[in-house]
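Reading the structure
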Amino acid sequence: MDNELFRHYQNIMNYFGEILGSNYEFVLHVLNPNGGSRIGHIVNGDLSGRSLNGPLTDWTVKSSNA
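This write-up is about the structure you can find in this document. (Residues numbered from 1 in each chain as written. Predicted model: local features only at pLDDT ≥ 70, side-chain atom pairs only at ≥ 80, totals over all residues. Heavy atoms only, no water.)

What to know about the pairing of strand 1 (residues 26–31)
As a reminder, the rule being used: For two strands to count as paired, DSSP must find a minimum of two bridges between them. Here a strand is any run of E in DSSP of at least two residues, a helix any run of H or I of at least four, and the numbering for each starts at the N terminus.
Bridge count between strand 1 and strand 2 (residues 37–43): six bridges; the pairing is antiparallel. Bridge assignment links H29 to a residue of strand 2, and that residue is I39. From the end of strand 1 to the start of strand 2, which pair antiparallel, there are five residues, and G35 there has a positive phi angle of about 105°.

Examining a nonpolar patch on the surface
Applied cut-off: Patch membership needs two things, relative accessible area over 30% and no salt bridge, and members are linked within 9 Å if like-charged or within 5 Å if nonpolar (Val, Leu, Ile, Met, Phe, Trp, Tyr). For the accessible areas, the method is Shrake-Rupley and the probe is 1.4 Å, while residue cover comes only from the protein chains on display. By salt bridge we mean one thing: a side-chain nitrogen of Lys or Arg within 4 Å of a carboxyl oxygen of Asp or Glu. Exposure categories follow from relative accessible area, calculated using a 1.4 Å probe and restricted to protein chains: below 20% of the type maximum is buried, above 50% is exposed, and the middle band is partly exposed.
On the surface, L5, Y9, I12, Y15, F16, I19, L20 and Y24 cluster together into a nonpolar patch covering about 770 Å² of accessible area. Note on placement: L20 falls in helix 1 (residues 3–20). With relative accessibility at 41%, the residue L20 sits in the partly exposed group.

Section: the environment of N53
So the rule is basically this: It only takes one pair of heavy atoms within 4.5 Å for two residues to be counted as in contact. Here a polar contact is recorded for every N or O atom pair within 3.5 Å, except that within protein the pair must consist of a potential hydrogen donor and a potential acceptor, and residues adjacent in sequence are included only if both atoms are side-chain atoms.
Mapped onto the elements of the fold, N53 is located in the loop between strand 2 and helix 2 (58–64). In contact with N53, not counting residues within four places along its chain, are R38 and I39. Within polar-contact distance, the side chain of N53 engages the side chain of R38 at 3.2 Å.

Structural data, given as structure tokens:
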């Protein structure tokens, strides 16, 4: 994903975080086609304790392999 598209997704996530409030968490996962992944952007990460550049959860990994 190019940087401009990535920034658009960040802006959308920030917008939803503002209008929906602190009870909702938004996570943008960056998937590497060669394996590996990370959290590229997160809004209200304190809800789950996840943070920027953190790994995907087990649930996400299992769902993406289905």
